[in-house]
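What follows is the residue order along each chain.
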Amino acid sequence: MLQRKWITMLLITCNLLITAQVKSSEIVINNVSGEKETLVVDILKLILSKSDPQVTIRQYPEALPTSRLEDEVKLGNIDVMWAGINNHLDESFMTVRIPILKGLLGHRIFIIRKDQQSKFNNVKTLDDLKKLNAGQGTQWGDTAILKAASVPVITTLKYPNLFYMLEGGRFDYFPRAIHEPWSEVASRPELNLTVEKNIMLVYPFAMYFFVEKNNQALHEKLTQGFEMAIADGSFDELFFSNQQIKDALSKTHFKNRIIIKIPNGAMHPDTPIDCPELWLDPTSL
């Protein structure tokens, strides 16, 4: 009887250990959708497959806005979030300081009104661009970058409003990362909008993965996996084979565009600017 009871207790203990291991190998992220978010999730899956092949990813039951997402990461209910870098995030979380999208978010082409291309044909320098008004989200990191460069910006809190404000003439152009404007214009055929043909605005800008400040183990797992994926070429293979990225690189015609560069004073001193393999180089495409 005692031996049977001991065996039962041992089985229960083993089951608890197995359950704990399964739970520890699950990574919870925000509930996401859309091509851009799907690419980031695919990158996350790739880097975790390098450092922990047993790990699984589960999406949170609902899509959380940024403020709630940050709270849930701090509480431990969500393990990983991603966002464009800013000082607040660097202070509040541990940063995996490898740009998820190769700094793609800092390469901006414009959505404009269809009858306004001739206005942009005359833009050759930053001073020329300053004569026009950009449209941006009030709380976006890009907005601060543009303002710091003395680029006039009109803002609104709600992203969908920007397309209607642009068509209504409230501002002249809506800067978008090169993989964004094509689908955004196509999904709004009722609006008189198109993608500008000649200009690309460039500034250093990175989207990073962030984890809770005390989650050193996960931070190391993500960093190690990312470095492995870069070293063996699988990250570049995934990134450049993504259909959204392929379409964007094909349609942008980098070599035909005037590149206007502005600084980004918000980039952390530890930003790996001197590692060219981590960043998109338009001149090589």
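Further up the page is the structure itself.
Values in this document were obtained by computation on a predicted structure and should not be read as measured data. (Residues numbered from 1 in each chain as written. Predicted model: local features only at pLDDT ≥ 70, side-chain atom pairs only at ≥ 80, totals over all residues. Heavy atoms only, no water.)

**What about the overall build of the protein?**
Filter applied, for reference: For helices the rule is a DSSP run of H or I covering at least 4 residues; for strands it is a run of E covering at least 2, with both sets numbered from the N terminus onward. Residue-level accessible areas treat just the shown protein chains as cover; the underlying method is Shrake-Rupley with a 1.4 Å probe. Two residue types count as positive, namely Lys and Arg, and two as negative, namely Asp and Glu; His and chain ends fall outside the count. By convention, the point assigned to a charge is CZ for Arg, NZ for Lys, CD for Glu and CG for Asp.
For the protein, the helix and strand inventory stands at 12 helices and 12 strands. Each of the three principal axes of the protein carries a C-alpha extent, and together these read 90 × 35 × 35 Å. Of the roughly 14,700 Å² that the protein leaves accessible, carbon and sulfur atoms contribute 53%. Charge centroids of the protein, computed over 31 positive and 33 negative side chains, lie 4 Å from each other.

**Describing the pattern of salt bridges**
As a reminder, the rule being used: We define a salt bridge as a contact between a side-chain nitrogen of Lys or Arg and a carboxyl oxygen of Asp or Glu at a distance within 4 Å.
Taken as a whole and assessed by the stated rule, the structure comprises 12 salt bridges. A salt bridge links Glu180 to Arg176; the shortest N-O distance between them is 3.4 Å. A cluster of three or more residues bridged by salt bridges with shared partners is formed by Arg176, Glu180 and Glu184.

**Points about the sheet that holds strand 3 (residues 81–84)**
Threshold: When DSSP finds two or more bridges between a pair of strands, those strands are recorded as paired. To define axes, lines are fitted to C-alpha atoms, for helices over the stretch in contact only, and angles between the resulting N-to-C directions are given on a 0 to 180 degree scale.
The sheet built from three strands is open, its strands ordered 3-11-4 with antiparallel pairing. Of all the strands in the sheet, just strand 3 and strand 4 (94–96) have a single pairing partner and so form its edges. The mean angle between the axes of side-by-side strands here comes to 40°, regardless of whether they run parallel or antiparallel. With three bridges joining them, strand 4 and strand 11 (residues 207–211) adopt antiparallel strand pairing. Along strand 11, the bridge assignment pairs Val96 with Phe209.

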